[in-house]
Amino acid sequence: MFPPADDPPDLAIPPNRGPLPVRRNPNPNPNPRAPSGHQRDPRPQGIRVARAHRGARRGSFCTMWRFLSGSIAFSVLFIVVLMVMQTKIRVPEQGWSFLDGIKSGKSLKFGQGSLLRRFGQRNGLDHLRSEMRIGVRRPRLALILGNMKKNPPSLMLFTVIKNLQGLGYLFKIYAVDDDNSRSIWEQLGGQISILSPEIYSHNDWTTFEGIIVDSLEAKEAILSLMQEPFCFIPLIWIIQEDTLAKQLPFYEKLGWEHLVSYWRSAFSRADVVVFPDFSLPMLYSVLDTGNFFVIPASPVDVWAAESYSKTHSKYQLREDLGFNKDDMLVLVVGSSFFYDELSWDYAVAMNDIGPLLSKYARSKNAGAMFRFVFLCGNSTDGYNDHLKVYGYNDHLKEVASHLKLLPGSVRQYGMNSDVNGLMLMADVVIYASSQVEQGFPPLLTRAMSFGIPVIAPDLPDIRKYVVDGVHVVIFPKNNPDALMRAFSLLISNGKLSKFAKAVALSGRLLAKNMLASECVNSYAKLLENVLSFPSDVLLPGHISQSQHDAWEWNSFRTADMPLIENGSASMRKSSVVDVLEETLSNQLDSGNISNSETENDVLTQLDWDVLREIESIEEMERLEMEELEERMEKNPGIWDEIYRNARKVEKVKFEANERDEGELERTGQPLCIYEIYNGAGAWPFLHHGSMYRGLSLTTSARRLRSDDVDAVDRLPVLNDTYYRDIFCDIGGMFSIAFRVDKIHKRPWIGFQSWHAVGSKVSLSSRAEKVLEETIQEETKGDVLYFWAHLNVDDGPTQKNRIPTFWSMCDILNGGNCRTAFEDAFRQMYAMPSYIEALPPMPEDGGYWSALHSWVMPTPSFLEFIMFSRMFADSLDALHMNSSQPTVCLLGSSKREKKHCYCRVLELLVNVWAYHSARKMVYINPYSGQLEEQHPVEQRRGFMWAKYFNSTLLKSMDEDLAEAADDGDHPRERWLWPLTGEVHWQGIYEREREERYRSKMDKKRKAKEKLVERMKHGYKQKPIGR
């Protein structure tokens, strides 16, 4: 039973499928906050208007009412009637839609050519699969769910994720809130983490190769990914709802540009914004920054049909709407887009359907008759009869009367009527629009899902998915005779033929999973083009390996499928869109109140005059008091009081320049650990306390109200983004070592990357206590303590076959670590080519340091930095002198190439500590248990101690400093002088000589002044003259 017009019924069409935002007629219940008269450019970004094919009929799916019979008289009569209709139908004014300005003869298409061109240039993973590669772990992806409801969007995403897992991807699932499908998702990703505002900022998203975000409700996750160092992680945002799209025109009308810019900024963070059909990107076009993409596949129509069929009866619906049980009901549908001011197209496009009306709508057999129902336009409350749509129904009856059709044989219902009910009670569905759409028409999918035989024109996107005579009956478009023959195949003695029932059954089976395979393959291909796969990652399987061609209906138990509600198919009751609107409204209201108060408190000219007079009087009184004080005798007081006052002033000045409590707490501490970070997104991972101090690699990212060290300020070379990126954390170490006495005066020094906290391998309070007690008790020997060890996880490596140090280095550096290290080491020491230049590393199964998380004595640190500077310079020289200086051979992904030297320099401390005979101790970050690795006694005969001797390193450092001091640079871009202090004996002697000369000059001037006084005498000038 249809509800009254002022209470629109359930469409069972989700927002992303329905034509409501782009319909011909206005919304009968518009947003009360939206003013009228809004206008904008009729061709927003992302929408391409193309002229239709010359032979194609123009119009929309309501343009089906063009029927000319074989006789000229019939044609003239019909056209005259429709011309009268055109003059009588009034279309009220409405707000802007993206169909404004689209004229007859043009079609509407969403263009995504820029993304397709970019993907075409990358060619997926074909070039990586053709190269030699050593992968040990699966690519990791984070999946953030906006909601965990059992609905079609969740079914689509679940199917995609499950098949991507089959290709080799590893997923970690997060969710904004909990819901009834949590157990289903846990089948894929194990334990699901529920995100809260506190947890958003405590996730190290850099551990993932990419992030997939579902729904607008996960907007807060997008905001947390807009800060460094997370802003470069590939992000795919899947949006399947039109909640925000419906509000965007109202935002512009109300002047809420700030809110539009807010959403545009969030959309621009995503590398790709994926929509399930081609209508949504048009609705969101105002937010398009060139990253919109469409993967046209969703089980929403099948879901809607199956859930509706379980709760409604075909014959009860017919009875409620006044149709007989034996009537042959033909539902005529078409394109989902409606064009304004194209009434003449309605008259032109009826040629195909006209003969059917003439033949079948004039006869009636045994109380049963053929009834043709046109589905187009929208219902309105402008008439008492809710079935009337701006007069279309009345004028259609007038046409039927002129053509001598039986009363009631032709009806029209709007798209905001019960579309599912009309399809369920129909016997045949005719898709009578010749407009070429992008993708398979969703109304056809839904009709096939109801098990209704379908007749459709020969359009490319229809031919692509169905077989003529098997799934649907196809006829050449704009051919009334062919349509008549196709229709006759489905009718036998006024009933559906066996052929029609077979077509309906085949169509229903096909529609259930028609787009599943294409959807999975499209997402797999999208990931290949968007993600960057590091050197240690196994490449996912080829798309052809995915043989799954069905949605995961069993996992979602179709018996429990909820009915899709009108306008809320995939949105929660409290949407993030509504929350933002309310917040902005409150801000605007408070702003208006403050503005009104400010207007009442505006100062007049009289107020300003009185204020100036008061200031003038106060100034005169102050001058008089100063003159009186100068004439009065004052006792300066005793010396102790003067001294105390001076000390108070100095104390105030010190407190003004004092840093934070951490600086005071570090006074007297034997150890300081510098935590290296490179963005505001890393702030929540940093510690506070006497043992830690931040080390920022960028000036703009320093924590507020902290005494963090600014690495760029201490080492100017880090101002260059190129060097800051290729050095990473060791660049911060270079800045600390540069004139270390000015910033670090403690016997022990340590470093820890913020990634250690994100990876949960940072020191616990218990481990910190053990470490502090150990370095205070054991003062003998040179020890390296580390707590983050090199590990290869998620890989197929067997436990009894642990990769060696150089093997893991090769894995992390594109297979070229040994070669690069050997060449850099050879150049650093000027070793001949016939001598082995790769320092041997043991294969004893012990741990090696990683993530720059270690502690050592300060003198040892300076020696390590001395070695590291020379090694980094040699590595850079090899890179610059290569045939391709712009290509990094130490990585395969874009991110690895940007941080070219980082992974080799991260492992450099292990080579230096091992071959310089330092004791290496691993401290468990949780329990604090100490365990020596690679004992020094076992290294005898393997260490290359002569190359790591401190005397040799100092001699090499002085040679380089002398060359830099003399301007004798070995190459145009010499890195070594830029990474730290340049000092040698000659500089020391020159500085000593300059100090001696300055001292002698000072003595000479003092002597000359004394002689001058003795010669001419010294007379004090009289006071007061």
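Residues numbered from 1 in each chain as written. Predicted model: local features only at pLDDT ≥ 70, side-chain atom pairs only at ≥ 80, totals over all residues. Heavy atoms only, no water.

Section: the overall build of the protein chain
So, step 1. The number of helices and strands found in the protein chain is 38 helices and 26 strands.
So, step 2. Here the protein chain, with 1025 residues, has 52% of them falling under the buried criterion.
So, step 3. Only carbon and sulfur atoms are counted for the fraction: they give 51% of the accessible area of the protein chain, which is about 49100 Å². (Helix = DSSP H or I, 4+ residues; strand = E, 2+ residues; numbered from the N terminus. Buried < 20%, exposed > 50% of the residue type's maximum accessible area, 1.4 Å probe, protein only. Areas by Shrake-Rupley, 256 points an atom, 1.4 Å probe, with all protein chains shown as cover.)

Thoughts on the sheet that holds strand β8 (residues 272-275)
One key point about sheets: their strands pair by backbone hydrogen bonds, in either a parallel or an antiparallel sense.
So, step 1. Ordered by their spatial adjacency, 7 strands build an open sheet running β5-β4-β3-β6-β7-β8-β9, and the pairing between neighbours is parallel. Looking at which strands have only one partner, the edges of the open sheet turn out to be β5 (193-194) and β9 (292-294). (Pairing = 2+ DSSP bridges.)

Observations concerning the state of the cysteines
So, step 1. All told, the structure shown has 3 disulfides when counted by the stated rule.
So, step 2. Here Cys809 engages in a disulfide with Cys817; their sulfurs sit 1.8 Å apart. With the S-S dihedral at roughly 65 degrees, the linkage between Cys809 and Cys817 falls on the right-handed side.
So, step 3. The side chain of Cys888 participates in a disulfide bridge whose partner is Cys900; the two sulfur atoms lie 2.0 Å from each other. Taking the torsion about the S-S bond as the criterion, the Cys888 to Cys900 disulfide, at about 90 degrees, is right-handed. With Cys888 in the loop between α34 (858-881) and α35 (894-898) and Cys900 in the loop between α35 and α36 (902-915), the pair connects residues that are 12 residues apart, well separated along the chain.
So, step 4. You can call Cys888 buried: its relative accessible area is 6%. (Disulfide = S-S within 2.5 Å.)

Comments concerning the pairing of strand β26 (residues 930-933)
So, step 1. Of the strand pairs in this sheet, strand β25 (residues 919-923) and β26 are connected by 4 bridges, and their pairing is antiparallel. The residue of β26 that forms the bridge with Met920 is Gln933.

Concerning unusual backbone geometry
So, step 1. The linkage connecting Glu228 with the following residue, Pro229, adopts the cis geometry, with an omega of 5 degrees.
So, step 2. The topology assignment puts Pro229 in the loop between α7 (219-224) and β7 (235-238).
So, step 3. Even without a glycine there, the phi angle at Ser215 is positive, about 85 degrees.
So, step 4. Inspection of the secondary structure assignment puts Ser215 in the loop between β6 (210-214) and α7.
So, step 5. Look at Ser215 and you get buried, because its relative accessible area is 3%.

Focus on the environment of Arg264
So, step 1. Along the chain, the position of Arg264 falls in helix α9 (residues 257-269).
So, step 2. For the pair Arg264 and Asp288, spaced 24 residues apart in the sequence, the C-alpha separation amounts to 7.3 Å.
So, step 3. In contact with Arg264, other than residues within four places in its own chain, are Val286, Leu287 and Thr289.
So, step 4. Of the polar contacts made by the side chain of Arg264, one reaches the backbone oxygen of Val286; its length is 3.2 Å. (Contact = heavy atoms within 4.5 Å. Polar contact = N/O pair within 3.5 Å; in protein donor to acceptor, adjacent residues only side chain to side chain.)

Brief notes about the pairing of strand β15 (residues 454-457)
So, step 1. Where burial is concerned, the two faces of β15 agree: the one with Val454 and Ala456 and the one with Ile455 and Pro457 are both buried.
So, step 2. When strand β14 (residues 428-431) meets β15, the two strands line up parallel, connected through 2 bridges. Bridge pairing in β15 places Val429 opposite Val454.
So, step 3. Regarding topology, helix α17 (residues 442-449) serves as the crossover connection from β14 to the parallel β15, and that connection is right-handed.
So, step 4. Examined bridge by bridge, β15 and strand β16 (residues 473-475) share 3 bridges and lie parallel to one another. Of the residues in β16, the one forming a bridge with Pro457 is Phe475. (Right-handed = clockwise from strand over helix to strand, strands pointing away.)

Here we look at the packing of α34 against helix α37 (residues 950-965)
So, step 1. Closest axis-to-axis distance for the α34/α37 pair is 10 Å, and the angle between their directions is 50 degrees. Taken as axis vectors, α34 and α37 run oblique relative to one another. Crossing geometry of α34 relative to α37 is assigned as left-handed. Between α34 and α37, the residues in contact are Glu863, Met866, Phe867, Arg869 and Met870 and Ser950, Leu953, Lys954, Met956, Asp957 and Leu960, respectively.
So, step 2. Looking at side-chain class alone, the contact of α34 with α37 contains 6 nonpolar, 1 polar and 4 charged residues. (Axes fitted to C-alpha atoms, helices over the stretch in contact; angles between N-to-C directions. Parallel < 35°, antiparallel > 145°, perpendicular 65-115°, else oblique. Left-handed = near helix turned anticlockwise from the far one by under 90°. Nonpolar A, V, L, I, M, F, W, Y, C, P; charged D, E, K, R; others polar.)

A few points about the sheet that holds strand β20 (residues 692-696)
So, step 1. Strand order in the open sheet made by the 8 strands is β21-β20-β19-β22-β24-β23-β25-β26, with mixed pairing throughout. One side of each edge strand has no neighbouring strand; the edge strands of this open sheet are β21 (709-710) and β26.
So, step 2. Of the strand pairs in this sheet, β20 and β21 are connected by 2 bridges, and their pairing is parallel. Its bridge partner lying in β21, Ser696 is registered against Asp710.
So, step 3. Across the sheet, helix α31 (residues 765-777) lies against β19 (671-677), β20, β22 (748-753), β23 (783-786), β24 (854-857), β25 and β26, angled at about 175 degrees from β23, the strand it touches most.

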